[in-house]
Amino acid sequence: MTAIKHALQRDIFTPNDERLLGIVNVCKAGKKKRNCFLCATVTTERPVQVKVVKVKKSDKGDFYKRQQTWELRDLMEVDAKDASKENPEFDLHFEKVYRWVASSAAEKNSFISCIWKLNQRYLRKKVEFVNVSSQLLEELPKAEESVPSGESQSVAGGDEDALDDYQELSAREEQDIEGMMEMCEYAVSNAEAFAEQLSRELQVLDGANIQSIMASEKQVNILMQLLDEALGEVDTIEGKLSSYEEMLQSVKEQMDQISQSNRLIQISNTNNVKLLDEIQFLVNYMDLSKGHVRALQEGDLTSPKGIEACINASEALSQCMNVALRPGHDKLAAVTQQQLLFAELRDTFARRLTNHLNNVFVHQGHDQSSTLSQHSEMSLPKHSPLHRDLLRYAKLMEWLKNTHREKYEGLSRTYVDYMSRLYEREIKDFFEVAKIKMAGTSKEAKGKFATLPRKESALKQETESLHGSSGKLTGSTSSLNKLTVQGANSRRSQSSSLLDMGNMSASDLDVADRTKFDKIFEQVLSELEPLCLAEQDFISKFFKLQQHPAVMPPLAQPETEEADGGSVSRIPPQAEHRQSLSSEKDLVRLMMNKIFQSIETELNSLIALGDKIDSFNSLYMLVKMSHHVWTAENVDPASYLSTTLGNVLVTVKRNFDKCISAQIRQMEEVKISKKSKVGILLFVTGFEEFAELAETIFRNAERRGDLDKAYVKLIRAVFTNVEKVANESQKTPRDVVMMENFHHIFSTLSRLKISCLDAERREAKHKYTDHLQSYVINSLGQPLEKLNHFFEGVEARVAQGVREEEVSYQLAFNKQELRKVIKEYPGKEVKKGLDNLYKKVDKHLCEEESLLQVVWHSMQDEFIRQYKHFEDLIGRCYPGSGITMEFTIRDMLEYFSSIAQSH
């Protein structure tokens, strides 16, 4: 290894001004064994740079080459793998981890020791050594550590021992050497002579030092004598100090006794202060005044002052019972006695409060003065006085909720039970008055109405009895089964019967009746909304259900009732006790469901009655209900009012959809007369009335989307059934039926400007125009029938390939035949034919649409077009013949004008 070391120093490091200080023969761990050398070097120039160099022997010779170099300052960690066992493996952590296996453990240890020393000298212990034996990491001499790292002397031989013996000169030493060399002329040229001179001067100085020491012996003896005298004085002072110490020792014992006595006094005083503090704590927090005790035991729960006193007493009692006792207080007899007294006062006052509020609830539940049975005004009683009186007990209810959960739940159950009976009675009477006003019945009918059972099946009987007793609401479903096309004057009056739902005739109800129904329904919703909101607000405040999450009381689960008002099943209270809610808003909503369980049923019954009276009422109800639901959701989307009105809105929407479906079904079932002309179909005018009314009702509605969908369904059904009736018509031409009805539809949609039906409006105009043109073309063939047939034959010959100028040579189409046909249509004959055509068109068309002049004008234009076409054919196929029609265009215009004026 020494030979390799010298070879590496000579061949690789000396040319680069570097010294080799450590070397180890290694190979990479886990790979095929390919040896190389790791070398620790330092540069000979300042500042000194320390490096780790990887050297590899060349494959083509015995020389070595430098393969990779790392700066020692980039080395972060040296891992020797095992500090207790000999292990040739070690890791060097540069920018990545390099794993090596040394040829022997000794070489590895020698190399790691060299790295450690270089780290100590030049890097100030920057590198971390892991799993390295402590014997290898010996501290460098302190003198070496004090030498600046930037200076170094040459290391003889370049090995580690030379590195340890090397010691740099200080700045002072360098200055002295430079001074002596300047004084001697041959210091550089003759170093041996300079060294001998320095040796001689050193000997002279040593001799002078020995002589000086010998001359100072007398002064040394004097100094020794003075030291002896000083020792004697010290002994004297020590004797005095000993006597003083004995005196102070007795004083110390006395002071210790006084200190012990003072400490005992201080402990006693501290104990007394603590005892007084505990007594004051118990007196302040565990004592209830006599006034509070008297208020809890016999305080007046009816007067405001008595209630205020009870509130203060209950709060004081809660503070006393909830005080956080200190350790050991519960073992005191007085504390135990006070706690028993507080528990007895709590139970007594809770019992008194519960009994009093129970009596209030029961009395209010049986109170008959607030019901509607004694008057017929359509308004619900206000419960604000009761709420105002009960809210005085809100703090006491909160106290009861925190101290006696069972009694609090019992009160909640009692309140809900009795208030549900009261509200059910009031709401029932309120809806009876609303139904009577809605149906317009007499007092006799009102009596019948009130005595009937409250079932869904009975509602139909109520409605039928109302129909029988009211002279205003007359009608029959038989009119729907006998729809016939009669006179034009009766069609418009009967058209609204197509929109009936089956029990009554909508034609018997006018706008005033519908407006009256709208006001009644709006009044019903306007009365219910503040009632529910006020009750919900009261429940939240009175039962303290708006601050913290709570366990659902037994009453929270509402009763389940069958649709026909039959049997009622209650959830067992034990199961209700175990249920919990995510928030107190849910709890309030469930209590409201129990109290107002009849509202949804009554609303659905009222909606069913309104729908049976007039199917158009579903439009009013949809708008009003949508508005109230939207308002309630803006206030609180999860409230009882929002949920209930949302459920009822579903029913209203369902009725609205049924109304639309019924209209479509009746369109499909319509029958027309075979003996009279069709005119404007009943369901076309019915759609017009529906659209006019709907646009009036939905002008500012929030739920416009439902109406738009209904419009699309209805108009498609109208289109389909108009074509169906036109195809089935025998008396009136198909084109006339299509033209008149689609013209009416187009006029209606243009006037109402319904944006969602723009495509249908354009389609109606297109169909009207197409069928008008078709009717005109088909009708005009009759006045000049032979002339039409003649020229059709001419065009057929031309189409077959006969040249136009050769048509006159055809036997059937020669000039003589043409003159013969033209002679059959003189001006008088044409006018007569046109007059007959006008009468026939007048017979086909109905008066409602006033399309006669439009059709007549179109026929005039078409007749002129045909006339010009005939003239053109004569000019092309019979050139130079001089044949012309026996009447001119001016004659035709005069004919059309005179015929139209004469009729």
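Definitions and cut-offs
- Residues numbered from 1 in each chain as written.
- Predicted model: local features only at pLDDT ≥ 70, side-chain atom pairs only at ≥ 80, totals over all residues.
- Heavy atoms only, no water.
- Helix = DSSP H or I, 4+ residues; strand = E, 2+ residues; numbered from the N terminus.
- Contact = heavy atoms within 4.5 Å.
- Areas by Shrake-Rupley, 256 points an atom, 1.4 Å probe, with all protein chains shown as cover.
- Pairing = 2+ DSSP bridges.
- Axes fitted to C-alpha atoms, helices over the stretch in contact; angles between N-to-C directions.
- Core = buried A, V, L, I, M, F, W, Y, C linked by side-chain atoms within 4.5 Å.
- Buried < 20%, exposed > 50% of the residue type's maximum accessible area, 1.4 Å probe, protein only.
- Expected span 1.5 Å × (residues − 1).
- Patch = residues over 30% accessible without salt bridge, like charges linked within 9 Å, V, L, I, M, F, W, Y side chains within 5 Å.
- Salt bridge = Lys/Arg side-chain N within 4 Å of Asp/Glu carboxyl O.
- Phe/Tyr/Trp six-rings, centres within 6.5 Å; stacked < 30°, edge-to-face > 60°.
- Parallel < 35°, antiparallel > 145°, perpendicular 65-115°, else oblique.
- Left-handed = near helix turned anticlockwise from the far one by under 90°.
- pLDDT = per-residue confidence, 0-100.
- Lys, Arg positive; Asp, Glu negative; His and termini not counted.
- Charge placed at Lys NZ, Arg CZ, Asp CG, Glu CD.
- Nonpolar A, V, L, I, M, F, W, Y, C, P; charged D, E, K, R; others polar.

A few points about the overall build of the protein
No. 1: Check the secondary structure of the protein and you find 32 helices and 10 strands.
No. 2: Contacts spanning at least 24 positions in sequence make up 70% of the contacts within the protein whose residues lie at least 6 apart.
No. 3: Put simply, the protein shows about 49,600 Å² of open surface, and 51% of that area lies on carbon and sulfur atoms.

A look at the sheet that holds strand β3 (residues 50–57)
No. 1: The sheet built from 8 strands is open, its strands ordered β4-β3-β2-β1-β7-β6-β5-β8 with mixed pairing. Either end of the sheet is taken by a strand with one partner, and the two such strands are β4 (64–71) and β8 (128–130). Here the average twist between neighbouring strands, direction ignored, is 30 degrees.
No. 2: Judged from the 6 bridges that link them, strand β2 (residues 36–43) and β3 form a sheet pairing that is antiparallel. Each residue of the ladder has a partner; that of Leu 38, found in β3, is Lys 54.
No. 3: The sheet strands contacting helix α1 (residues 2–13) are β1 (18–28), β2, β3 and β4, and the helix crosses β1 at an angle near 115 degrees.

Considering the nonpolar core
No. 1: Core analysis: the biggest nonpolar cluster contains 172 residues, and Tyr 415, Ile 539, Val 855 and Met 859 have the highest contact counts within it.
No. 2: Broken down by element, the residue count for this core peaks at 14 residues, all from helix α13 (residues 405–439).
No. 3: Once you skip the residues sitting within four places of it in the chain, Met 859 turns out to touch Tyr 775, Val 776, Ser 779, Leu 780, Leu 837, Val 841 and Phe 896.
No. 4: Formed by 32 residues, the second largest nonpolar core is a distinct cluster that contains Leu 21, Leu 92, Tyr 122 and Val 132.

Section: the pairing of strand β7 (residues 97–102)
No. 1: Alternating residues of β7 divide into Tyr 98, Trp 100 and Ala 102, all buried, and Val 97, Arg 99 and Val 101, none buried.
No. 2: Inspection of the sheet shows β1 paired to β7 by 3 bridges, in the antiparallel sense. By the bridge assignment, Val 26 is partnered in β7 with Ala 102.
No. 3: Pairing geometry for strand β6 (residues 89–93) and β7, over 5 bridges, is antiparallel. Bridge pairing links Asp 91 to Arg 99 in β7.
No. 4: The hairpin turn running from β6 into β7, its antiparallel successor, is 3 residues long.

Observations regarding unusual backbone geometry
No. 1: Of note, the bond from Arg 46 into Pro 47 is cis; its omega dihedral lies within 30 degrees of zero at 0 degrees.
No. 2: Looking at the element boundaries, Pro 47 is found in the loop between β2 and β3.
No. 3: Of note, Asn 131 is a non-glycine position whose phi angle comes to about 60 degrees, a positive value.
No. 4: With respect to the element layout, Asn 131 can be found in the loop between β8 and α3 (142–146).
No. 5: For Asn 131, a relative accessible area of 35% corresponds to the partly exposed category.

Considerations on the side chain of Glu 18
No. 1: Along the polypeptide, Glu 18 turns up in strand β1.
No. 2: Those residues within four positions of Glu 18 in sequence are excluded, and the remaining contacts are Gln 9, Phe 13, Thr 41, Val 42, Thr 43, Thr 44, Lys 51 and Arg 66.

What about helix α28 (residues 785–799)?
Since the α-helix advances by 3.6 residues per turn, residues separated by three or four positions end up pointing in the same direction.
No. 1: Taking 1.5 Å of rise per residue, 15 residues should cover 21 Å, and α28 covers 21 Å from first to last C-alpha, within 8% of that figure.
No. 2: Here α28 has its buried residues at Leu 787, Asn 788, Phe 790, Phe 791, Gly 793 and Val 794.
No. 3: The elements touched by buried residues of α28 are α27 (758–780), α29 (815–823) and α31 (852–877).
No. 4: Looking at the residues trailing α28, positive phi occurs at Gly 801, about 115 degrees.

Quick look at the environment of Lys 28
No. 1: Considering the arrangement of structural elements, one finds Lys 28 in strand β1.
No. 2: Residues Lys 28 and Ala 102, spaced 74 residues apart in sequence, show a C-alpha to C-alpha distance of 8.9 Å.
No. 3: In contact with Lys 28, other than residues within four places in its own chain, are Lys 54, Arg 99 and Trp 100.

As for the environment of Leu 391
No. 1: Secondary-structure assignment places Leu 391 in the loop between α11 (384–390) and α12 (394–403).
No. 2: Judged by relative accessible area, which is 34%, Leu 391 ranks as partly exposed.
No. 3: Taking the C-alpha atoms as reference, Leu 391 lies 5.8 Å from Phe 542; in sequence the two are 151 residues apart.
No. 4: When neighbours within four sequence positions are excluded, Leu 391 is seen to be in contact with Phe 538, Lys 541 and Phe 542.

Quick look at a nonpolar patch on the surface
No. 1: There is a patch of nonpolar side chains on the surface, built from Ile 177, Met 180, Met 181 and Val 188 and spanning about 340 Å² of accessible area.
No. 2: If you trace the backbone, Ile 177 turns up in helix α5 (residues 171–183).

Section: the packing of aromatic side chains
Ring pairs (aromatic) are described by centroid distance and by the angle formed between their planes.
No. 1: What the rule picks out here adds up to 25 aromatic pairs.
No. 2: Taking the centre distance of 6.1 Å and the plane angle of 70 degrees together, the rings of Phe 94 and Tyr 98 count as edge-to-face.
No. 3: Here Phe 94 falls in the buried class, since its relative accessible area comes to 2%.
No. 4: Among the residues examined, Tyr 98 registers a relative accessible area of 10% and is labelled buried.

Let's talk about the pairing of β3
No. 1: With 7 of 8 residues buried, β3 lies mostly within the body of the structure.
No. 2: The antiparallel hairpin formed by β2 and β3 contains 6 residues in its connecting segment.
No. 3: When β3 meets β4, the two strands line up antiparallel, connected through 7 bridges. Bridged to Val 52 within β4 is Trp 70.

Let's talk about the packing of helix α22 (residues 617–635) against helix α24 (residues 682–697)
No. 1: Two elements in contact, α22 and α24, have axes separated by 10 Å at closest approach and are oriented at 20 degrees. The pairing of α22 with α24 is recorded here as roughly parallel in orientation. Between α22 and α24 lies a crossing whose hand is right-handed. Along the contact surface, α22 presents Leu 619, Tyr 620 and Val 623, while α24 presents Phe 690, Leu 693, Ala 694 and Ile 697.

Some points on the confidence of the model for the protein
No. 1: Taken over all residues, the pLDDT of the protein has a mean of 77, while the share at 70 or more is 81%.
No. 2: Considering each helix and strand of the protein separately, the mean pLDDT is smallest for helix α16 (residues 478–481), with a value of 30, and largest for β2, with 92.
No. 3: Contacts for the low-pLDDT stretch residues 371–375, under 50 throughout, to residues beyond four places or in other chains number 11 contacts.
No. 4: This model gives residues 441–509 a pLDDT under 50, and the stretch forms 113 contacts once residues within four places in sequence are excluded.

Details of a negative patch on the surface
No. 1: A surface patch of like charges, here negative, comprises Glu 173, Glu 174, Asp 176, Glu 178 and Glu 182.
No. 2: Looking at the secondary structure, you find Glu 182 in helix α5.
No. 3: A relative accessible area of 67% means that Glu 182 is categorised as exposed.

Some details on the packing of α13 against helix α20 (residues 584–595)
No. 1: Interaxial distance between α13 and α20 falls to 8 Å at its minimum, and their mutual angle equals 45 degrees. On the basis of the axis angle, α13 is oblique to α20. Contact with α13, carried on its side by Tyr 415, Val 416, Asp 417, Met 419, Ser 420 and Tyr 423, involves Met 591, Lys 594 and Ile 595 of α20 and no other residues of that element.
No. 2: Of the residues in the contact of α13 with α20, the class split is 6 nonpolar, 1 polar and 2 charged.

Comments concerning the pattern of salt bridges
No. 1: Counted according to the given criterion, the structure contains 30 salt bridges.
No. 2: The salt bridge involving Arg 751 is made with Glu 688; its shortest N-O contact spans 2.7 Å. One end of the pair, Arg 751, is in helix α26 (residues 734–752); the other, Glu 688, is in helix α24, with 63 residues separating them in the sequence.
No. 3: The exposure class assigned to Glu 688 is buried, which follows from its relative accessible area of 10%.
No. 4: With a shortest N-O distance of 2.9 Å, Glu 692 and Arg 751 are connected by a salt bridge. With Glu 692 in helix α24 and Arg 751 in helix α26, this residue pair connects regions lying 59 residues apart in the sequence.
No. 5: A relative accessible area of 30% means that Glu 692 is categorised as partly exposed.
No. 6: Via salt bridges that share partners, Glu 18, Lys 51 and Arg 66 belong to a single interconnected network.

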